[in-house]
Amino acid sequence: SFLLDSIDGKHARRTQSSTPLGELFDHGLDSWATSIFVLSFFSVCSRDNGKTGVSVYTMYIYLSIVLFNFMCSHWEKYNTGVLFLPWGYDISQVVLIAAYLLTGTVGVEVWQKPLLFGYYITDVLVILLIGFSLFLSFPQTLYNIHRAHLKKTLKHDSLYEGLLPLVSPLLLFVLLTVWVVLSPSNILAKQPRLFLWMVGVAFSNVICKVIICQMSSTRPELLHWFLFPLALVVYAAISGLLGCMEEAVLGVFTALLTAAHVHYGVCVGRQLSEHLNIYIFSLKKRVQE
């Protein structure tokens, strides 16, 4: 999948079938698959049992950092018009493949034994992730935007317009973190997969809208619509109003959010298909009615 994800754009340009629909389809699915890859990695490492494994809070931080890096790349393109993927993306894919191969060859026990000085492989990977994010990916994004500013090639002159796509993702992260920290039933520990799946779907929907805005040169909305129901759910949860229903409400909210995201993707795909007079999975043109 890593190789196919790297050559699909070149193949589209070679066949003269490169369109905004293909870009949205590619990067939109990437934004969703990113969280799934992280969840699969946690399944390989296993959950913390008091001695080995990865804690659910480390999982949440890890996933948030990965999604933040993905978002920064498209925020950069929104401002510069150029999608620059840092080496961290390729390194993460190689590390993930190596983790699968290592687990398949040696077994899951490799994650349960100290690697060096009492540190486990998962500890090293988390340190590397934070290091690449703070000292490679994010600084590179800021540098590229600064360079575009010096060259006067920025697509948005005002600071407000440039920072606008970051408002909803940051508020989303704040609300989710408040829920994780203040949950009376410790919802992340009780339903880690469901909660992290919901985090991935929510970020994917936000990022997809940023991708559409940068493709169409339109202004993104200040507040994403699902921030309001999410804020109500978080308030009801941390205030104790949900009580023992917190897990059930999380399940219902996640199901509705997933359905809304799929519906959004299908509708946008159909609209772009009709507007560009193309089929989604074919090089043939649509027949004009």
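Residues numbered from 1 in each chain as written. Predicted model: local features only at pLDDT ≥ 70, side-chain atom pairs only at ≥ 80, totals over all residues. Heavy atoms only, no water.

Per an unreviewed UniProt entry, the recorded name for the protein chain is EPT1 Ethanolaminephosphotransferase, and the organism is Hippolais icterina.

1. Regarding the overall build of the protein chain
We apply this condition: Secondary structure counts use DSSP, requiring at least four H or I residues in a row for a helix and at least two E residues in a row for a strand, with both numbered from the N terminus. Two things to know: the radius of gyration comes from C-alpha atoms, and the globule rule equals 2.2 Å times the number of residues to the power 0.38. Exposure categories follow from relative accessible area, calculated using a 1.4 Å probe and restricted to protein chains: below 20% of the type maximum is buried, above 50% is exposed, and the middle band is partly exposed. We call two residues contacting when some pair of their heavy atoms lies within 4.5 Å. Only the protein chains shown count as cover for residues, and the accessible areas themselves come from Shrake-Rupley with a 1.4 Å probe. Within this scheme the basic residues Lys and Arg register as positive and the acidic residues Asp and Glu register as negative, but His and the chain ends are omitted. Here the site of a charge means atom NZ of a Lys, CZ of an Arg, CG of an Asp or CD of a Glu.
Looking only at helices and strands, the protein chain features ten helices and zero strands. Counting helices and strands in the order they occur from the N terminus, the protein chain gives α-α-α-α-α-α-α-α-α-α. Over its C-alpha atoms the protein chain spans a radius of gyration of 20 Å, differing by no more than 12% from the 19 Å that the globule rule assigns to 289 residues. Taken along its principal axes, the extent of the C-alpha atoms in the protein chain is 60 × 45 × 45 Å. Within the span of the protein chain, comprising 289 residues, buried residues form 42% of the whole. Across the protein chain, every contact between residues at least 6 apart in sequence was considered, and the portion connecting residues at least 24 apart equals 74%. When the accessible surface of the protein chain is summed, it comes to about 16100 Å², and 68% of that surface belongs to carbon and sulfur atoms. When the 19 positive and 17 negative side-chain charges of the protein chain are each reduced to one mean point, those points stand 5 Å apart.

2. Remarks on the side chain of S204
As for its position among the elements, S204 is in helix α8 (residues 192–216). S204 sits in the buried class, given a relative accessible area of 0%. What S204 contacts, discounting residues up to four positions off in sequence, is G28, S31, W32 and H261.

3. With respect to the layout of surface pockets
Filter applied, for reference: Put simply, the grid is 1 Å and covers the protein atoms alone, a cavity is a trapped set of points that fit a 1.4 Å probe, a pocket is an open set with protein on both sides within 12 Å along at least five of seven lines, and lining residues have an atom within 4 Å of a point. Grid points are joined across faces, edges and corners, and a volume is the space filled by probe spheres set on the points. Here the nonpolar group is Ala, Val, Leu, Ile, Met, Phe, Trp, Tyr, Cys and Pro; Asp, Glu, Lys and Arg are the charged ones; every other residue, Gly included, is treated as polar.
Size it by volume and the second largest pocket reaches roughly 370 Å³. Mapped by element, the contributors of at least two residues to the lining of the second largest pocket are α2 (20–45) and α10 (246–276). Per element, the largest residue contribution to the lining of the second largest pocket is seven residues, and it comes from α10. Residue classes in the lining of the second largest pocket are distributed as twelve nonpolar, four polar and no charged.

4. So, unusual backbone geometry
Note: most peptide bonds trans; most residues except glycine with negative phi. Phi is positive for N186, close to 55 degrees, though the residue is something other than glycine. Its place among the elements puts N186 in the loop between α6 (159–182) and α7 (187–190). Not every positive phi belongs to a glycine, and N277 is a case in point at roughly 60 degrees. Mapping N277 onto the fold places it in the segment after α10.

5. Some details on the packing of α6 against helix α9 (residues 227–238)
Quick reminder of the rule: In this description, a line fitted to the C-alpha atoms serves as the axis of each element, helices being fitted only across the stretch in contact, and the angle between N-to-C directions of two axes falls anywhere from 0 to 180 degrees. Every angle not falling under 35 degrees, over 145, or within 65 to 115 is termed oblique; those three ranges are roughly parallel, roughly antiparallel and roughly perpendicular. A crossing counts as left-handed when the near helix is turned anticlockwise from the far one by less than a right angle, and as right-handed when that turn is clockwise.
Where α6 contacts α9, the axes come no closer than 9 Å and their chain directions differ by 15 degrees. Taken together, α6 and α9 sit at an angle that is classed as roughly parallel. The two elements α6 and α9 meet at a crossing, and its hand is left-handed. Between α6 and α9, the contacting residues are S168, L171, L172, L175, L176, V178, W179 and L182 on the first element and L227, L230, A231, V233, V234, A237 and I238 on the second. Of the residues belonging to the contact of α6 with α9, the class tally is 14 nonpolar, one polar and no charged.

6. Examining a nonpolar patch on the surface
Put simply, the rule is: Note on patches: the residues involved have over 30% relative accessible area and no salt bridge, like charges join within 9 Å, and the nonpolar side chains Val, Leu, Ile, Met, Phe, Trp and Tyr join within 5 Å. Salt bridges are defined by distance alone: a side-chain nitrogen of Lys or Arg within 4 Å of a carboxyl oxygen of Asp or Glu.
Residues L115, L116, F117, Y119, V124, L128 and F132 make up a contiguous nonpolar surface patch of roughly 720 Å² in combined accessible area. Relative to the helices and strands, Y119 is located in the loop between α4 (87–106) and α5 (121–150).

7. Here's the deal with the nonpolar core
Going by this rule: Among buried residues, the Ala, Val, Leu, Ile, Met, Phe, Trp, Tyr and Cys ones that are joined through side-chain atoms within 4.5 Å form a nonpolar core.
If you look at the biggest cluster of nonpolar residues, it comprises 50 residues, and the most contacted ones within it are F41, W111, L172, L176, W179 and F195. In this structure, M71, I207, I211 and V268 belong to the second largest nonpolar core, which totals twelve residues.

8. With respect to α9
How we decide: Here a helix's expected span is defined as the number of its residues, less one, multiplied by 1.5 Å.
The end-to-end C-alpha distance of α9 is 16 Å, a good match for the 16 Å that twelve residues give at a rise of 1.5 Å each. Among all positions of α9, only L227, L230, V233, V234, A236 and A237 are buried. One or two steps after α9, the chain reaches G240, where phi turns positive at roughly 90 degrees.

9. Looking at α10
Helix length check: α10, at 31 residues, gives a terminal C-alpha distance of 44 Å against a target of 45 Å (1.5 Å per residue), a fit within 8%. Of the surrounding secondary structure, the elements contacted by the buried residues of α10 are α2, α6, α7, α8 and α9. Looking at the residues trailing α10, positive phi occurs at N277, about 60 degrees.

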